[in-house]
Amino acid sequence: MRHHAKNMTAIGTLLVATLAVSPIQGNDLEANKAPAATPVQSELMTQWGESLTAENAWTEYPRPQLQRENWINLNGNWDYAVTPKTQTTPPRDWTGQILVPFCLESKLGGVGRLLDPAETLWYHRTFEVDNAAGQRTLLNFEAVDYRCEVFVNGKSVGGHQGGNTAFSCDASEALVDGANDLVVRVEDETEGAQLRGKQSLDPKGIWYTRVSGIWQSVWLEQVPFNYIKDLKITTSVKDGSITVRPIVHGKGAVAVAVKDGDSIVAQKSASDEITLKIPDAQLWSPTSPHLYDLDVSLLNTAGQEVDRVSSYAAIRSVGKVQDANGNMQFTLNGDPIFHWGPLDQGWWPDGLLTPPSDEAMLFDIEWLKKAGFNMIRKHIKVEPRRYYYHCDRLGMMVWQDQVSGGPKPKWTRLAPNPKDAQWPDDAHGQFMYEFEEMISALENHPSIVVWTPFNEAWGQHQTMEVGKWTVQRDPSRLVNVASGGNFWPVGDIVDAHKYPHPGFPFDQGKDGRFEGYIKVVGEFGGHGLPIQGHLWDANRRNWGYGGLPKNKAEYQQRYETSLVALNQLRGQGIAAGVYTQTTDVEGEINGLMTYDRKVIKIPAKRLAKMHQVLFQDAPPATSNGAAHNDGDKFNPAFVQEHTDRKPGPVMDAETIRAGLESRDRALYIKSGWIRDPYITLGPDGYYYLTGTQPNEGDPREAEDPYNIGLGNESIVGNQVRVYRSQDLIDWESLGSVFSTDDLYETTKQTPKAKRIWAPEVHWMGDRWALVHCPAYLSSLATTEGSTLAGPWTHPMKDSMGQRHDPSLFSDEDGKAYLLWQNTLIAPLDQELSKYTAKPVRIDPSGTRPGPNGQPISRIGHEGATMIKVGDKYVHLGTAWSTDQGRKGSYNLYYCVSDAITGPYGPRQFAGRFLGHGTPFQTKDGKWWCTAFFNANVPPVPRDGIQSKDLGDNAQTINEQGVTIVPLDVRRLDNGEIYIRALDPAYANPGPDESQKFEAAL
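Residues numbered from 1 in each chain as written. Predicted model: local features only at pLDDT ≥ 70, side-chain atom pairs only at ≥ 80, totals over all residues. Heavy atoms only, no water.

- An unreviewed UniProt entry annotates the protein chain as Beta-galactosidase of Allorhodopirellula heiligendammensis.

Description of the side chain of Glu434
Consideration 1: Residue placement: Glu434 occurs in helix α4 (residues 425–442).
Consideration 2: Reaching out from Glu434, the side chain makes a polar contact with the side chain of Gln430 at a distance of 2.9 Å.
Consideration 3: Excluding its chain neighbours within four sequence positions, the residues that come into contact with Glu434 are Tyr146, Gln161, Gly162, Gly163, Asn164, Thr165, Leu195 and Gln402. (Helix = DSSP H or I, 4+ residues; strand = E, 2+ residues; numbered from the N terminus. Polar contact = N/O pair within 3.5 Å; in protein donor to acceptor, adjacent residues only side chain to side chain. Contact = heavy atoms within 4.5 Å.)

A look at the sheet that holds strand β54 (residues 908–911)
Consideration 1: Strand order in the open sheet made by the four strands is β51-β52-β53-β54, with antiparallel pairing throughout. The sheet is open, and its two edges are formed by β51 (862–869) and β54, each paired on a single side. Put simply, the sheet's adjacent strands are angled 35° from each other on average, direction ignored.
Consideration 2: The sheet contact formed by strand β53 (residues 890–897) and β54 spans three bridges and is antiparallel. In the strand pairing of β54, Tyr893 is matched with Phe909. (Pairing = 2+ DSSP bridges. Axes fitted to C-alpha atoms, helices over the stretch in contact; angles between N-to-C directions.)

Quick notes on unusual backbone geometry
Consideration 1: Cis rather than trans, the peptide bond between Thr580 and Gln581 has omega equal to 5°.
Consideration 2: Its location among the elements puts Gln581 in the loop between β36 (576–580) and α7 (604–611).
Consideration 3: The omega torsion of the bond from Gly902 to Pro903 falls at 10°, within 30 degrees of zero and hence cis.
Consideration 4: Along the chain, Pro903 turns up in the loop between β53 and β54.
Consideration 5: With a phi angle near 70°, Thr190 is a residue other than glycine that sits in the positive phi range.
Consideration 6: Structurally, Thr190 is set in the loop between β10 (178–187) and β11 (199–200).
Consideration 7: Residue class for Thr190 comes out buried when judged on its relative accessible area of 0%.
Consideration 8: A positive phi angle, near 55°, is found at Arg886, a position not held by glycine.
Consideration 9: Along the chain, Arg886 falls in the loop between β52 (872–880) and β53.
Consideration 10: Classification of Arg886 as buried rests on a relative accessible area of 6%. (Buried < 20%, exposed > 50% of the residue type's maximum accessible area, 1.4 Å probe, protein only.)

Comments concerning the domain arrangement of the protein chain
Consideration 1: By the assigned domains, the protein chain splits into domain 1 (49–224), domain 2 (238–313), domain 3 (337–614) and domain 4 (655–981).
Consideration 2: Between the C-alpha centres of domain 1 and domain 3 the distance comes to 29 Å.
Consideration 3: Contact residues are listed per partner, giving 45 residues for domain 1 and 47 residues for domain 3.
Consideration 4: The contact between domain 1 and domain 3 buries some 3600 Å² in all, and 60% of this surface belongs to carbon and sulfur atoms.
Consideration 5: Of all residues in domain 1, the largest losses of buried area upon contact with domain 3 belong to Trp58, Leu195 and Tyr208, amounting jointly to 20% of the total for that side.
Consideration 6: Inspection of the region where domain 1 meets domain 3 yields 20 residue pairs in polar contact (both at pLDDT 80 or more).
Consideration 7: For the side of domain 1 that touches domain 3, the elements supplying multiple residues, two or more each, are α1 (47–50), β8 (155–161) and β12 (208–209).
Consideration 8: Of the residues belonging to the side of domain 1 that touches domain 3, the class tally is 19 nonpolar, 16 polar and ten charged. (Domains from an automatic or database assignment. Buried area = accessible area lost by both parts, 1.4 Å probe. Nonpolar A, V, L, I, M, F, W, Y, C, P; charged D, E, K, R; others polar.)

Description of the pairing of strand β57 (residues 962–971)
Regular strands place their side chains on alternate faces of the sheet.
Consideration 1: Most of β57 sits inside the fold, with eight of its ten residues counted as buried.
Consideration 2: Judged from the three bridges that link them, strand β37 (residues 667–670) and β57 form a sheet pairing that is antiparallel. Directly across from Leu667, in β57, lies its bridge partner Ile964.
Consideration 3: Looking at chain direction, strand β56 (residues 927–931) and β57 are connected through four bridges and run antiparallel. Residue pairing for β57: Cys929 is matched across the bridge by Val965.
Consideration 4: Two elements, β57 and strand β58 (residues 977–981), share five bridges in a ladder whose sense is antiparallel. Residue pairing for β58: Arg971 is matched across the bridge by Ile977.
Consideration 5: In this structure, the hairpin formed by β57 and β58 is closed by a connection of five residues, where Gly975 is found at a positive phi of approximately 90°.

Here we look at the nonpolar core
Across soluble globular proteins, nonpolar side chains have a tendency to be buried as a group.
Consideration 1: Grouped together as the largest cluster of nonpolar side chains are 71 residues, with contacts concentrated most on Trp340, Trp367, Phe431, Phe504, Tyr559, Leu592 and Leu607.
Consideration 2: The dominant element in this core, judged by the number of residues it contributes, is α4, at seven residues.
Consideration 3: Both of domain 1 (49–224) and domain 3 (337–614) provide at least three residues apiece to this core.
Consideration 4: If you look at the next biggest cluster of nonpolar residues, it comprises 31 residues, including Ile72, Leu104, Phe127 and Ala171. (Core = buried A, V, L, I, M, F, W, Y, C linked by side-chain atoms within 4.5 Å.)

Side note on the UniProt feature "domain: Glycosyl hydrolases family 2 sugar binding" (unreviewed entry) in the protein chain
Consideration 1: This chain's UniProt record puts "domain: Glycosyl hydrolases family 2 sugar binding" (unreviewed entry) on residues 118–224.
Consideration 2: With 0% helix and 56% strand, the stretch residues 118–224 has end C-alpha atoms that lie 41 Å from each other. (UniProt positions renumbered as here; feature names shortened; annotations may be inferred.)

What about the environment of Thr452?
Consideration 1: Position of Thr452 among the secondary structure elements: in strand β30 (residues 448–452).
Consideration 2: Judged by relative accessible area, which is 1%, Thr452 ranks as buried.
Consideration 3: Beyond its immediate stretch of four places on either side in the chain, Thr452 contacts Gln400, Asp401, Gln402, Asn480 and Ser483.

Regarding the packing of helix α6 (residues 552–570) against α7
Consideration 1: Interaxial distance between α6 and α7 falls to 11 Å at its minimum, and their mutual angle equals 30°. By the angle between their directions, the pair α6 and α7 is classed as roughly parallel. The handedness of the crossing between α6 and α7 is right-handed. Contacts between α6 and α7 pair Gln556, Tyr559, Glu560 and Leu563 from the former with Arg606, Leu607, Met610 and His611 from the latter.
Consideration 2: Split by residue class, the contact of α6 with α7 holds four nonpolar, two polar and two charged. (Parallel < 35°, antiparallel > 145°, perpendicular 65-115°, else oblique. Left-handed = near helix turned anticlockwise from the far one by under 90°.)

Remarks on the packing of aromatic side chains
Consideration 1: Taken as a whole and judged by the stated rule, the model has 42 aromatic pairs.
Consideration 2: Measuring from ring centre to ring centre gives 5.7 Å for Phe524 and Tyr579, while their planes differ by 75°; the resulting arrangement is edge-to-face. With Phe524 in strand β35 (residues 518–525) and Tyr579 in strand β36, this pair connects stretches of sequence that are 55 residues apart.
Consideration 3: According to the relative accessible area criterion, Phe524 is buried, its value standing at 1%.
Consideration 4: Its relative accessible area of 0% is what places Tyr579 among the buried residues.
Consideration 5: Here the aromatic cluster, defined as three or more aromatic residues joined through ring pairs, consists of Trp340, Phe373, Phe524, Tyr559 and Tyr579.
Consideration 6: A cation over a ring is seen here: Arg597 above Trp348, with NZ or CZ 3.4 Å from the ring centre.
Consideration 7: Just above the ring of Tyr723 sits the side chain of Lys670; from NZ or CZ to the centre is 3.9 Å. (Phe/Tyr/Trp six-rings, centres within 6.5 Å; stacked < 30°, edge-to-face > 60°. Lys NZ or Arg CZ within 6 Å of the ring centre and 35° of its normal.)

Some details on α4
Consideration 1: With 18 residues, α4 should reach 26 Å at 1.5 Å per residue; the first-to-last C-alpha distance of 26 Å fits that figure.
Consideration 2: Listing the buried residues of α4 in full gives Ala427, His428, Gln430, Phe431, Met432, Glu434, Phe435, Glu437, Met438, Ile439 and Leu442.
Consideration 3: Where α4 is buried, its residues meet β8, α3 (385–394), β29 (397–401), β30, β31 (454–455) and α5 (463–473). (Expected span 1.5 Å × (residues − 1).)

Here we look at the sheet that holds strand β14 (residues 218–224)
Consideration 1: One open sheet accounts for four strands, arranged β1-β14-β5-β9; its pairing is antiparallel. Strand pairing shows two members of the sheet lacking a second neighbour, β1 (72–73) and β9 (167–170), which therefore form its edges.
Consideration 2: Sheet topology note: the strand β5 (residues 135–141)/β9 ladder contains four bridges and is antiparallel. When the bridges of β9 are listed, Asn140 appears paired with Ser168.

Considerations on the pattern of salt bridges
Consideration 1: Under the definition given, this model contains 53 salt bridges.
Consideration 2: A salt bridge links Lys601 to Asp584; the shortest N-O distance between them is 2.8 Å. Taken together, the residues span a long stretch of sequence, with Lys601 in the loop between β36 and α7 and Asp584 in the loop between β36 and α7 at a distance of 17 residues.
Consideration 3: Lys601 sits in the buried class, given a relative accessible area of 1%.
Consideration 4: For Asp584, a relative accessible area of 2% puts it in the buried group.
Consideration 5: Across the pair Asp983 and Arg942 runs a salt bridge, and its minimum N-O distance is 3.0 Å. In this pair, Asp983 is assigned in the loop between β58 and α11 (984–987) and Arg942 in the loop between β56 and β57, connecting sequence segments 41 residues apart.
Consideration 6: Under the relative-accessibility criterion, Arg942 is labelled partly exposed at 39%. (Salt bridge = Lys/Arg side-chain N within 4 Å of Asp/Glu carboxyl O.)

See the structure below:
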């Protein structure tokens, strides 16, 4: 078995099957008085459904973990008929043909008819077989919904109740040489106590079309009298071993050979359980899904092989561990791992529960893998066994739900004192029978890491008993007893569902109820987006959670918002997230792709980039906006509100000239995407402008002008672009004067993203100096002369240290200082090659209460600069008005000292919306401050802004580009330095300001 191969198509060499559409004897077909009901007649088809034929319908070997070379595929066209349930003998006449393995109601089945609970569905075909002595002929049905009986040549050879798991019938005693008649009788009430998942007699909302009859492959194999019926495979990471326990019909010893590729790495024979030690065992994980092939032979007493099967195994362990913060986390092979996956229902517009092909089924898994998911929650459906094989070989973890049905209790979620539904003993017995069948069929698959007996409160009953049974039945996996359902203290996981954005009711566990349990958000999202031409039924209610967005951009913004919220919940101990869902399903249009898989709503590559944050270090659980204690709120810090709005034009030259003279209003002087704009007057009489920008020619600068520059979608580049102007009106581009290619050699080696933030250029009297961040790329570089261009030298080499938001200040005596963070300052030597003293903190005097009640002494959180007014040193810093990350307006504050290293006076307010702007002087000595767009939403109107509370999100009145705002900078009669914006929209703090300040003079 080659695990890189997409298909394992086996061609039967022992048997030859032929279809005969001839009637067999029995009662006449009883016609219904009313016309048969039909499901929604949707035009949707998948690309795989469009190419389906009777000859290519599911030709792959259905049982990858117990595979024989010789088998026959019985999929294809069968006869069918529908009679009243009272009829127990096969019909005389057949209504037509149905394409197996597709159900009666499906488009691909070719019938498109609903089965009434009072009706019976009949199937018929013939096959030819050589009924050789000493062999058994097994008819294998992968799934028939719901209750069936199988007849061969008029003799009952077996039956099954339960619509989601495989079963076999030994037809040996009923066979004749040559042509044999095969009839299957099916009953399916769909509802009542029957386990049915999302099927409904009245499909709408979250409930879908019923599925009746054969819906997975039918096939036949011949085996010797003594044969290998099943294999139970377990592995040990600690020992590096694989244990095979054969289940043999009859008797005989078993020989097992373990292969890694073409090489046999272990082999052993025994009459019972066999443990094989694997040298240098390779472990299975999503990033390295290593599988070992198994060849298993049954031997007679003479040591001769009488039966042979192939299988595979993976060595991996599943567990949980408490982290340093006391939260439980998932582990794989002993290492913590965040589980991130979609809710995957496995429905198809043309096949309903049946994928149109193995290739189609594989498409979903591969796409989710490319999109950066490492887990799939298989939602109340049992897939064909090949689905789990693909997950095994591709490295996709699976949470497997039991199929739901039956009466439900009051849904109290995670609240104390939960209730169970009351089920009769026979219904509970059937539930457990089907649950055991599912586990028994799937337990060898390494991809399955979690069993989920109940979803929400659907059919939730005897929770403690079911949970304890599951834990005991399979101690190698974790148990999520009721995903989003009523929480009972059993299993390993406590699971909350929250739509549309994720949340978790931490308060309900304050009494310790959740201690020792892994906390997960088992469903959230469900953001809808209708795609015309790809709707199941355009005339019905097509919906998503939280209402439908205005456009695709808003849909994507909602997804990003949910992702940010989930990442913040990680900081509080949430160990997994499940996003609803992979595809649209019937009226639910909340998939990441359409129901027919023809339109991808967010490209996989983009999703993968967005999802990377979930696999990095979790954000700290603080109260400053990074995370929230109630789990239902979150700071939309890195979430951009997508918009079709474009920035307006800059002011005309006359308006700017007039404003420079009057100094009574802000001036929008330059367009283009820029953050942290820095303006300085050079020795040649030019104003030089730089800042955080995209690379030259990046089309996203025009396409996405309000990109916030943060997160995976940031358009920040690796260049320092500079402009110059003689009058602050007409700007000449000098292009990129510096890039990450100009970094000091050791700094270049960092493996992190290469972006340049917050560059500043300073004229040092004989050369230009440039500083920038982020901290891990920060540098101080200088030119060789008066031209602001390379080649660049690095006088500090690699001794500068990692510095966030570095800034240079030159005192009147020529002494240079480096400032960084909030705020440290250290003097430099004349060559800017080293520090001449240790850094000193320069905080304002006093403190202010932070959002969490803890005092804050720093001036802000970034953007520290220094200016001098007379003989006073003015230390400026930036902070959000609420003192919470990206909530409110981005403002400028200052404090004053007689000495550069302090002590400094109290924190004072310089201007609203001026955060990370830089005060500069024009040629006439007047003070201005740069301002820019820094928000998660497009600019808000100026009108009435003075009284508007902006504290719920990052907001600004600044347009994208460069705005300059006049500053009132003066010494008061009492000797104090006063700095305040002169434009009324900037002059005073807003209602969202966390600290109290005096109004502007």
